[in-house]
Amino acid sequence: MVAVVQEPETYATSWLPFLDRTRTIARPGYSRWMVPPAALCVHLCIGQAYAFSVFNLPMTKLLGISQSGPGDWKLTELGWIFSIAMLFLGLSSAVFGRWVEEGGPRKAMFTAGICWASGFLISALGVKFHQLWMIYLGYGVIGGCALGIGYISPVSTLMKWFPDRPGMATGMAIMGFGGGALIASPLSVWLMSKFSSSTDVGVFNTFVILGCVYFCFMMFGSLIVRVPAPGWKPEGYVPATTASKLITKNDVYVYDAIKTPQFWLIWVVLFLNTTAGIGVLGQASAMSQEMFPGHITPIAAAGLVGLMSLFNMGGRFSWASLSDFIGRKNTYFVYMTLGFILYVTVPYAGGTGNVVLFVICFLIIVSMYGGGFSTVPAYLRDMFGTRYVGAIHGILLTAWSAAGIAGPVLINYIREYNVTHGVPKAQAYNVTMYIMAGLLVIGFIANFCVKAVDKRYHMKTREEADAGGMQPQGAPGS
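The structure reproduced in this document is the subject of the present report. (Residues numbered from 1 in each chain as written. Predicted model: local features only at pLDDT ≥ 70, side-chain atom pairs only at ≥ 80, totals over all residues. Heavy atoms only, no water.)

1. Considerations on empty space enclosed by the protein
- Under the counting rule described, the total for this entry stands at seven cavities of 30 Å³ or more.
- What the largest cavity holds in volume is close to 60 Å³.
- What lines the largest cavity is simply Asn-273, Ala-276, Gly-277, Tyr-335, Gly-339, Tyr-343, Ile-365, Met-368, Tyr-369 and Leu-440.
- Contributions of two or more residues to the lining of the largest cavity are made by helix H10 (261–282), helix H13 (328–352) and helix H14 (355–384).
- Its residues assigned to classes, the lining of the largest cavity comprises seven nonpolar, three polar and no charged.
- Each pocket or cavity is described by its volume, and for the second largest cavity that value is around 50 Å³.
- Around the second largest cavity sit Leu-75, Thr-76, Gln-283, Ala-286, Ile-411, Asn-412, Arg-415 and Tyr-429, which together line it. (1 Å grid on protein atoms, 1.4 Å probe; cavity = no way out; pocket = protein on both sides within 12 Å on 5 of 7 lines; lining within 4 Å. Points joined across faces, edges and corners; volume = space filled by probe spheres on them. Helix = DSSP H or I, 4+ residues; strand = E, 2+ residues; numbered from the N terminus. Nonpolar A, V, L, I, M, F, W, Y, C, P; charged D, E, K, R; others polar.)

This is the structure we're talking about:
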């Protein structure tokens, strides 16, 4: 079935009219460079997810304060908070992807801000009453929905503002998510130190303050964001009239895209690249302290998390921008090949006590992990066109959900198995690093198999449909 290009229906927002997409259309003379700051207001806030590991060790001592006591939570139990958040990130982006695309970025950012703040406040209550299920619900479920909706909200908007540099545009949209931990990690450690006492580790008050601060910034971002007027193009920009080998000039309807092998091959590539990095990021603080006891202190570990955040953010912009020149497929080949080498090097660095080599490996790995996220929207644009790239991207992020469970589970449970069987903590992560390297080999093969989308999936214009005697079908509003 071939979908036909039609204009989407306009959905009114009666309960809050200023959120309607029609209220966000930019007026003539509006600078497209005003949009990236709006995206950063949201992504820098929800990027706090990458710094959540700084709370893991303190939350194992909520009752014992100085050390874990009877009834305190284990790291394996706390690891599920991050995994649940990643699960609902992918699920919410898939479910609400088309709603975000049609409703506009302001409505999505506003909704994400409410969910993100609510998640922190509910989690704070979970800490106060020592109810882990409340943190699973608050940060995991509600916060995870905020992550998914907030994450995809500016992506397609920025690609529409920057059709001449789609890779750079997605890099700008997503680099804030990678850089959020650069602010959140030291800020969280500082807040916990200010509120800690002989009877409190300071997590409750820290959650409350972060929720309020993030709410204000995300509301500001939702107010200043704009979408381009229909038919707008950058000055001097001339769209290509012919398609290249892996860059189509046709659009593919969102539900036809998921029927193609290209979609699922890219899904596998993103899943494996994310699995290989997300477990490391989720436990970066605890892992570095255990692999280098006496060398990396909690403060130094928090600094490492912040430094990794900086490379995560920088990688999202630099790798995505590079993909505009070398192509998306070649960029992923670099991720898989170089990542394999670095992962097999990490156990060597840990075994020899080489902190510098360990840090260098992780910083490059994290830059490519972030680059994988910022490159994939442009990869989807190349494969399926611009019309439904936001919704397609939302569905693809279910790969992130799956990786959000697989990565931390590999890290946490293999570590626990090794430790309970007498393996020193400094060596408990070695097997996992080799498994991650093997996943990247499979990802390399999947990326190699990506070819151009068959033309039978391309949407037809009404003129083409009329010329071929076709009836409009499959598209919205038909």
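2. Things to note about the nonpolar core
- Ranked by size, the top nonpolar core spans 130 residues in total, and within it Met-59, Trp-116 and Trp-400 carry the most contacts.
- Among the elements that make up this core, the one with the highest residue count is H14 (15 residues).
- In this structure Trp-116 touches Cys-45, Ile-46, Gln-48, Tyr-139, Gly-143, Ala-146, Leu-147, Tyr-214 and Met-218, once residues within four positions along its chain are discounted. (Core = buried A, V, L, I, M, F, W, Y, C linked by side-chain atoms within 4.5 Å. Buried < 20%, exposed > 50% of the residue type's maximum accessible area, 1.4 Å probe, protein only. Contact = heavy atoms within 4.5 Å.)

3. Considering the side chain of Gln-262
- Of note, Gln-262 is situated in helix H10.
- A relative accessible area of 7% means that Gln-262 is categorised as buried.
- In this view, Gln-262 contacts Met-383, Phe-384, Lys-451, Ala-452, Val-453 and Asp-454; residues no more than four positions away in its chain are not counted.

4. Here we look at the pattern of salt bridges
- Taken as a whole, this structure holds nine salt bridges when the rule is applied.
- Between Arg-328 and Asp-382 there is a salt bridge, with the nearest N and O atoms lying 2.7 Å from each other. Of this pair, Arg-328 sits in helix H13 while Asp-382 sits in helix H14, and the two are 54 residues apart along the sequence. The burial state of Arg-328 is the same as that of Asp-382; both residues are buried.
- Through salt bridges with shared partners, a single ionic network connects Arg-165, Asp-324, Arg-328, Arg-381 and Asp-382. (Salt bridge = Lys/Arg side-chain N within 4 Å of Asp/Glu carboxyl O.)

5. Some points on the state of the cysteines
- According to the stated counting rule, one finds zero disulfides in the structure shown.
- Here Cys-41 is not cross-linked by a disulfide; its sulfur's nearest cysteine counterpart is in Cys-45, at 7.1 Å. (Disulfide = S-S within 2.5 Å.)

6. Points about the packing of helix H16 (residues 398–420) against helix H17 (residues 430–448)
- Packing of H16 against H17 brings their axes to within 9 Å, and their N-to-C directions diverge by 155°. Compared by their axis directions, H16 and H17 come out roughly antiparallel. Where H16 crosses over H17, the handedness of that crossing is right-handed. Judged by residue contacts, Gly-407, Leu-410, Ile-411 and Ile-414 of H16 engage Val-431, Thr-432, Met-433, Ile-435, Met-436 and Leu-439 from H17.
- Looking at the contact of H16 with H17 residue by residue, the classes come out as eight nonpolar, two polar and no charged. (Axes fitted to C-alpha atoms, helices over the stretch in contact; angles between N-to-C directions. Parallel < 35°, antiparallel > 145°, perpendicular 65-115°, else oblique. Left-handed = near helix turned anticlockwise from the far one by under 90°.)

7. Considerations on the side chain of Thr-331
- Within the fold, Thr-331 resides in helix H13.
- Looking at Thr-331, the relative accessible area reads 0%, which means it is buried.
- A distance of 2.7 Å separates the side chain of Thr-331 from the backbone oxygen of Gly-327, its partner in a polar contact.
- What Thr-331 contacts, discounting residues up to four positions off in sequence, is Trp-319, Ser-323, Ile-326 and Thr-375. (Polar contact = N/O pair within 3.5 Å; in protein donor to acceptor, adjacent residues only side chain to side chain.)

8. Examining the layout of surface pockets
- Space inside the second largest pocket adds up to approximately 720 Å³.
- Lining the second largest pocket are 31 residues, with Leu-57, Pro-58, Thr-60, Lys-61 and Pro-298 sitting closest to its centre.
- Where the lining of the second largest pocket is concerned, the elements lending two or more residues are helix H2 (56–59), helix H3 (75–103), helix H7 (166–195), helix H11 (284–291), helix H12 (298–326) and H16.
- It is H11 that provides the largest number of residues to the lining of the second largest pocket, a total of four residues.
- A per-class count over the lining of the second largest pocket returns 13 nonpolar, 10 polar and eight charged.

9. Some thoughts on the packing of aromatic side chains
- If you walk through the whole model with that rule in mind, you get 31 aromatic pairs.
- Ring centres 6.3 Å apart and planes at 20° place the aromatic pair Phe-52 and Phe-207 in the stacked group. Linking Phe-52 in the loop between helix H1 (35–46) and H2 with Phe-207 in helix H8 (residues 203–224), this pair joins segments that are 155 residues apart in sequence. Each member of the pair, Phe-52 together with Phe-207, is buried. (Phe/Tyr/Trp six-rings, centres within 6.5 Å; stacked < 30°, edge-to-face > 60°.)

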